[in-house]
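A closer look at the structure
Each chain, letter by letter, is given below.
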Number of protein chains: 2
Amino acid sequence: MPSRKELANAARALAMDAIQQAQSGHPGAPLGMADMAEVLWNDFMAHNPANPRWFNRDRFVLSNGHASILLYAVLHLSGYDLSLEEIRNFRQLDSKTPGHPEYGLTPGVEATTGPLGQGLGMAAGMALAEKILAARFNREGFKVVDHYTYCFVGDGCLMEGISQEAASLAGTLKLGKLIVLWDNNGISIDGPVGGWFSENVLKRFEACSWQVDEVDGHDPEALRKAIARARKIHDRPSLISCKTIIGWPAPSKQGKAESHGAPLGEEEVEGARRQMGWKYPPFEIPSEIRLGWDARLSGQQAEKKWNKLFETYAKAFPAEAKIFEERLKGEFVPEWRDEALELARMLLAEEESSSLPLSMRAFSRKVLGALCRNMPALLGGSADLTASVGARWEGARDITPDNPDGDYLFYGVREFVTGALMNGLSLHGGFIPYAGTFLVFVDYAKSALRLSAQMNRQLIWILSHDSIGVGEDGPTHQPVEQLSSLRSIPGVQVWRPGDALECIAAWIGALRYGDGPSCLVLPRQSAPNLNRKRMVLGEIKQVAEPTPTEKILLTIRRGGYILRECKKGDPEVILIATGSELSLAVAAAEILEAREVQVRVVSMPCAEFFEQQPVSWRNAVLPPAVRARVAIEASGMDYWRKYVGLDGAVIGMRGFGRSAPMSVLYQYFGFTVENLVKTAEKLLKTR
Amino acid sequence: MPSRKELANAARALAMDAIQQAQSGHPGAPLGMADMAEVLWNDFMAHNPANPRWFNRDRFVLSNGHASILLYAVLHLSGYDLSLEEIRNFRQLDSKTPGHPEYGLTPGVEATTGPLGQGLGMAAGMALAEKILAARFNREGFKVVDHYTYCFVGDGCLMEGISQEAASLAGTLKLGKLIVLWDNNGISIDGPVGGWFSENVLKRFEACSWQVDEVDGHDPEALRKAIARARKIHDRPSLISCKTIIGWPAPSKQGKAESHGAPLGEEEVEGARRQMGWKYPPFEIPSEIRLGWDARLSGQQAEKKWNKLFETYAKAFPAEAKIFEERLKGEFVPEWRDEALELARMLLAEEESSSLPLSMRAFSRKVLGALCRNMPALLGGSADLTASVGARWEGARDITPDNPDGDYLFYGVREFVTGALMNGLSLHGGFIPYAGTFLVFVDYAKSALRLSAQMNRQLIWILSHDSIGVGEDGPTHQPVEQLSSLRSIPGVQVWRPGDALECIAAWIGALRYGDGPSCLVLPRQSAPNLNRKRMVLGEIKQVAEPTPTEKILLTIRRGGYILRECKKGDPEVILIATGSELSLAVAAAEILEAREVQVRVVSMPCAEFFEQQPVSWRNAVLPPAVRARVAIEASGMDYWRKYVGLDGAVIGMRGFGRSAPMSVLYQYFGFTVENLVKTAEKLLKTR
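Given the structure is predicted, the values throughout are model-derived calculations rather than measurements.

Looking now at the overall build of chain A. Looking only at helices and strands, chain A features 27 helices and 20 strands. Relative to the globule expectation of 26 Å for 687 residues, the C-alpha radius of gyration of chain A, 28 Å, shows essentially globular dimensions. Its C-alpha atoms give chain A principal-axis dimensions of roughly 90 × 60 × 45 Å. Looking at the 687 residues of chain A, the share that counts as buried comes to 70%. Of all intrachain contacts in chain A linking residues separated by at least 6 positions in sequence, the fraction that spans at least 24 positions is 77%. On chain A, roughly 22000 Å² of surface is accessible, and the fraction owed to carbon and sulfur atoms is 50%.

See the structure below:
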């Protein structure tokens, strides 16, 4: 039987070898945390290497993602489909062992990490997911949802503000099955942390209602006891400070920042091997040590046992089991489509009789209600702007610390961890999270949204108050550059609906987009229902016999379409608009038409979707030959050059907004029908 | 003599009246914090209403900026140039009383606030500025730098993660003259905060080495004592929890979220007037109450006294006084220009003999050293990536908690508060802050950078590791959308130099740009010195008899210029590039030229600067008639449509990066000379 130290040293050796081979990587943290990992994985982790997607597995998040090679070593040794060849190919193109852990690429990697602090937020999301699902589905004698979430964090994670947002919320929500191990090595890239990180971390977490503990991070028995203690406390998350030596056992670099981010070099690696008594050549792991790590049999048994439990549960509670399985598969209750269509039908009928402006936020909330009713996986919330953004539908049930069986969460004024928590909820499975804040404050959460996109997570941000239409709150609250910032993130779909029908289409689009996050960008102000009599419908293939309503919705869902075709022949000028500026474009078109100009109005509620349409559709909507194009959006201008080119014009914001009533600002900044008409006419004249 | 309550109620009345008048605003916090403001301003604040820029004034930051009308009321009452008319015009276009406080618009407003939590970070920056300057300039018997920084924060500020970053750093740096008053009303927009904010805030701040205290926020005497206590503690910042009732004395809305963000309504305002015994009509303040607030005389005396002190100081320490005054005026030591020019001259000489690739980060550090030596106002730092980004020049002196007399700061892994702290340092005066991190992590600090731009703060971010050139660290660390995100913020100048000379020009550009923040975007990889024999020089007006070196640098500083003109006549195709892709464009041009193509290479190191050039320059660089244009940048593509239009091509990133060695990735993603040549030729063929 190999000793615990030998088991840990196997991971150390693999880590050092892989980094040397790649001539790139971060040895310090993997070496320092190897004992923590060994104890956690060999004594506690419930997981099945043969099925990394087994639902009831314990979750593990490596928040200090630069220690990736430690995780790869552990996954390899415990029997995941991650070969030694992959370890040898650390950090190479097309390997399963990239520089930082990437969800979806490597079996057993539960989250993409690296941007510090966010792993802690995602782990909190996973622990919350477990708590909510347990409350929803567990029954006396049937703990079908019952696992821990473990997380490793480094000093850097704890310096980042998001660590506090996560700690505060996790403490408030009593996430007792969240257990965090802090690699307390006292070293960050700039050196010993005393000069910039002197806080009493344990006291801080205690202040947030965490259970805290401190152990020697190189003492397996102490680690085991601490984790065992933490597992018994169910009303508070746990933080275990593990005092470690970064880079141990590298003879001269251990305990120093030099061991953090660059290969140790042959000499240090040799010395480290000597110091830990590791006598095997690079990449060689003796079979008895492999056996000590191998979790395949125990994992298989664990899953089998759970499968049996679930079978009995399904017999006793067939309805619950059905919903449970649907949620895990991410399936929708089929009725949702009908509800959405019914809403749209009603709107279209209303359009005939009235075109009264409608609060888009209120309407979005109505759509949300229609959808949520039929989608138990939807989990809403807001960063303290519940009513303002219309995030809570009328039937929502609040999640509280003592009653987690709900579908609406109060995140507090914490946009960043809202994003990270949503990522964790989504990664866990069983949830399509959505949350609302003001568009301008998505800046605080930007990096979490980027991770959502990198991990292809389906989640939805409701981002209201989307322009100078915010009015009196002024420039700090008026987005200018946020739309183009969101549009620049690969894989994010940004919807900016211009009327209620587009709002329905946007929600459906977001719910149908399973490969990444969607943003629903809504104005503060109201919007009229737009006349669609001259809308050009697309060919519908998705539905066999589409109703008129479906035809409209599915055309909108192409992301860009002709809302109002010109009277005859080809358009002389095309007006492109989104959101609250769309009705200005329609009004301008009416005036231009009265002046005998052939004008087309193109609505572009989701440019990302539009870009995915066949070139025939895109060229039909924006014929390459028509160069007199005016784009109008109460936002930054550069983005629209993509559609108007060098010959067109953009009416947009050149700088920040101002504090004044909305209508004054629209006038002041030139978002008027008159300006649009004038700009279009000028374009036509100069041609 | 009016009572303290009457004084506070005057502010309350003005706040309510202004909000009613505007039919817009946030009454809850101003009403709740009026007593705190009254005690602070009437008993403690050292300030001179007649000169809001008096250097040695106490600083005040309203971090919960939605309470703006309270600050305006206080400034108005204490005698600032802020008339009653302005109060009446609260939240109207062109008033000095916008929805949230805006620096530069309203005398006495020290910072633009509203995005929650950032005010605390800025206040910490101001307190740090005071501490550094005091250590640098004060002499026995001459405390020429000696003021407090006060800050009001709300629950929302303390929920935001940045509050922890600020608290931790302020505690570590022992900012003893930072005094924070927390409007502890237990209400945020979603209601009583218990469900999402249950942490023990005082304990958290204690864990960060703060002095903490708790008082009744409506008890002037208790407030006075607590502030007096805090002022005596000089080795720790202070947090005073002021228990208040939001919206007091509104009869039915006090203590409720309803009082937060909408006018109270006539009835509530009437009731509030009754409850606080305020018998005057709207906007009327009796003269004895005005007298109680008036700080003009005491302010004048305070400044006079300080002026005298400084006069004596200047006689005793003329050298120090001179530098002190230069720093406050933001002036440079004239020698800096020569040093920069000398560096450039040396480079140009080297170019003749060698074109060895040069580490841009190392070179940037060299430039920085040459400049810092002559600019005592430059205060550097990094969010724990000092060496990686080349932020610390060799002569830098570290700022430590016990020796603040330095010019280099270790921010720790806290990008967001790095941005906020720099804002505070800059707002205080005496500093041009710069700090470094990886480009991808500027996402964490985005909102602070936005505020820098809104406040026209001159500060510099060094953002290295600027593309897939990051290599093995993979997509989490490889910026894709960050460049376009930065470029979309109004007022931010983004420099992405392509060789060492451009790096010098970028630094000079950043130091010359006094109206906002600059970003210096640098690659991880090295760059060759580019041949400039066919560069087209601009007309130089700034310098009487420019040297050849100056001509080159000043041309680069136009932001976009012809680096390599075609052989004869007009170009058939223009290649536009920045940064690490610039040398690819030059190599591609050589090949195209060998194939008889007339090709021009345009370098665009700072598009924002280029946009500010006269149209003649812009059209000379990018002639409107030449539509065969290819832009290449290892970044998102949409931005470049602005310069290549619908007819050109962009070689850029369509998605996220990958983990692999840099050279592999450049090949993989098509950032090669061959691809550039092919793309250009294809464009020429299809025309």
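Core analysis: the largest hydrophobic core is formed by 374 residues, its most contacted members being W210(A), I504(A), L575(A), W210(B), I504(B) and L575(B). If sequence neighbours within four positions are ignored, I504(B) has contacts with A340(B), L343(B), A344(B), L347(B), F363(B), V367(B) and L553(B). One finds A18(A), M36(A), A222(A) and I227(A) within the second-largest nonpolar core, a separate group that totals 63 residues.

All names here are of chain A. Pairing in this open sheet of five strands is parallel, and the strands run 1-2-3-7-6 from one edge to the other. The open sheet terminates on both sides in strands that have one partner only, identified here as strand 1 (59-62) and strand 6 (211-216). If you compare each strand with its neighbour and ignore which way they point, the axes differ by 20 degrees on average. As defined by bridge partners, strand 3 (residues 178-184) adjoins strand 7 (residues 238-243) across six bridges and the pair is classed as parallel. Looking at the pairing, L181 lines up with I240 of strand 7. Lying on the sheet, helix 9 (residues 220-232) is in contact with strand 2 (149-154), strand 3, strand 6 and strand 7; it crosses strand 6 at an angle near 170 degrees.

Residues and elements named next belong to chain B. With respect to the helices and strands, the residue L31 is situated in helix 2 (residues 28-44). Classification of L31 by relative accessible area gives buried; the value is 0%. Placed 223 residues apart in sequence, L31 and Q254 show a C-alpha to C-alpha distance of 9.2 Å. Beyond its immediate stretch of four places on either side in the chain, L31 contacts R12, M16, G247, W248, P249 and L264.

It is worth spelling out helix 10 (residues 266-275) of chain B at this point. Residue and element names in this part refer to chain B. By the burial criterion, the buried members of helix 10 are E268, V269, G271, A272 and R273. Those residues of helix 10 that are buried lie in contact with helix 1 (4-22). Immediately beyond the C-terminal end of helix 10, within one or two residues, lies G277, with a positive phi of roughly 65 degrees.

Right, let's talk about the side chain of Q118(A) for a bit. Within the secondary structure layout, Q118(A) lies in helix 5 (residues 118-137). For Q118(A), the side chain forms a polar contact with the main-chain nitrogen of A448(A), separated by 3.5 Å. In contact with Q118(A), other than residues within four places in its own chain, are S63(A), I162(A), F416(A), A420(A), S447(A), A448(A), L451(A) and Y444(B).

Turning to the relation of the copies chain B and chain A, a few remarks are in order. Both copies of the chain are related through a single rotation about an axis accompanied by a shift along the same axis. Least-squares fitting of chain B to chain A yields an RMSD of 0.0 Å, with the transformation described by 0.0 Å of translation along the axis and a rotation of 180 degrees. The relationship between the two copies is best expressed as a two-fold rotation axis. The overlap is high: 100% of the interface residues of chain B also sit at the interface in chain A, so the same surface is used on both sides.

Bringing the interface of chain B and chain A into the picture now. In this complex, chain B contributes 99 residues to the contact, which on the side of chain A involves 99 residues. Of the roughly 8100 Å² buried at the junction of chain B and chain A (both faces included), carbon and sulfur atoms supply 54%. Across the pair E206(B) and K203(A) runs a salt bridge whose closest N-O atoms are separated by 3.3 Å. The interface formed by chain B and chain A contains 58 residue pairs in polar contact (both at pLDDT 80 or more). A per-class count over the side of chain B that touches chain A returns 38 nonpolar, 34 polar and 27 charged.

On to the packing of helix 22 (residues 582-594) of chain B against helix 27 (residues 673-685) of chain B. Residues and elements named next belong to chain B. Put simply, helix 22 and helix 27 touch, their axes get as near as 9 Å, and they point 55 degrees apart. Here helix 27 runs oblique to helix 22, going by the angle between their axes. The way helix 22 lies across helix 27 gives a crossing that is right-handed. Every residue of helix 27 that contacts helix 22 at L584, A585, A587, A588, I591 and L592 is listed here: V673, L676, V677, A680 and E681. The residue inventory of the contact of helix 22 with helix 27, partitioned by class, reads ten nonpolar, no polar and one charged.

Residues and elements named next belong to chain A. Strand order in the open sheet formed by five strands is 16-18-17-19-20, with mixed pairing between adjacent strands. Strands with a single pairing partner mark the edges of an open sheet, and in this sheet they are strand 16 (561-564) and strand 20 (649-653). On average, each strand axis in the sheet is inclined to that of its neighbour by 25 degrees, with strand direction left out of account. Here four bridges tie strand 17 (residues 573-577) to strand 19 (residues 629-636), and the two strands are oriented parallel to one another.

To continue, consider the pairing of strand 18 (residues 599-603) of chain B. Residues and elements named next belong to chain B. Across the five residues that make up strand 18, a large majority, five, are buried. Side chains of strand 18 alternate between two faces, with V599, V601 and S603 and R600 and V602 buried alike. Examined bridge by bridge, strand 16 (residues 561-564) and strand 18 share three bridges and lie antiparallel to one another. Among the inter-strand pairings, I562 is bridged to a residue of strand 18, identified as V602. Here five bridges tie strand 17 (residues 573-577) to strand 18, and the two strands are oriented parallel to one another. Opposite I574, over in strand 18, you have R600 as the bridge partner. Crossover strand 17 to strand 18 through helix 22 is right-handed.

Residues and elements named next belong to chain A. Of all five residues making up strand 9 (residues 378-382), five are buried, and the element is well covered by its neighbours. Burial of strand 9 is two-sided: the residues L378, G380 and S382 facing one way and the residues L379 and G381 facing the other way are all buried. In terms of strand pairing, strand 9 meets strand 11 (residues 432-438) through three bridges, oriented parallel. From the neighbouring strand, L378 faces strand 11, where its bridge partner is I432.

Once that is clear, we can look at the pattern of salt bridges. Overall, the coordinates contain 79 salt bridges over all chains when judged by the stated rule. When salt bridges with common partners are traced through the structure, they connect D443(A), E481(A), K446(B) and R450(B) into a single cluster.

Residues and elements named next belong to chain A. Relative orientation of the contacting elements helix 2 (residues 28-44) and helix 9 amounts to 55 degrees, with a least axis distance of 9 Å. Regarding the angle of helix 2 to helix 9, the classification is oblique. Between helix 2 and helix 9 the crossing geometry is right-handed. Contact residues: helix 2 offers D35, M36, V39, L40, D43 and F44, while helix 9 offers P220, L223, R224, I227, A228 and R231. Here the contact of helix 2 with helix 9 is built from residues that sort into eight nonpolar, no polar and four charged.

What counts, and at which threshold
- Residues numbered from 1 in each chain as written.
- Chains lettered and ligands numbered in written order.
- Predicted model: local features only at pLDDT ≥ 70, side-chain atom pairs only at ≥ 80, totals over all residues.
- Heavy atoms only, no water.
- Helix = DSSP H or I, 4+ residues; strand = E, 2+ residues; numbered from the N terminus.
- Rg over C-alpha atoms; globule rule 2.2 N^0.38 Å.
- Buried < 20%, exposed > 50% of the residue type's maximum accessible area, 1.4 Å probe, protein only.
- Contact = heavy atoms within 4.5 Å.
- Areas by Shrake-Rupley, 256 points an atom, 1.4 Å probe, with all protein chains shown as cover.
- Core = buried A, V, L, I, M, F, W, Y, C linked by side-chain atoms within 4.5 Å.
- Pairing = 2+ DSSP bridges.
- Axes fitted to C-alpha atoms, helices over the stretch in contact; angles between N-to-C directions.
- Polar contact = N/O pair within 3.5 Å; in protein donor to acceptor, adjacent residues only side chain to side chain.
- Least-squares fit on C-alpha atoms with pLDDT ≥ 70 in both.
- Buried area = accessible area lost by both parts, 1.4 Å probe.
- Salt bridge = Lys/Arg side-chain N within 4 Å of Asp/Glu carboxyl O.
- Nonpolar A, V, L, I, M, F, W, Y, C, P; charged D, E, K, R; others polar.
- Parallel < 35°, antiparallel > 145°, perpendicular 65-115°, else oblique.
- Left-handed = near helix turned anticlockwise from the far one by under 90°.
- Right-handed = clockwise from strand over helix to strand, strands pointing away.

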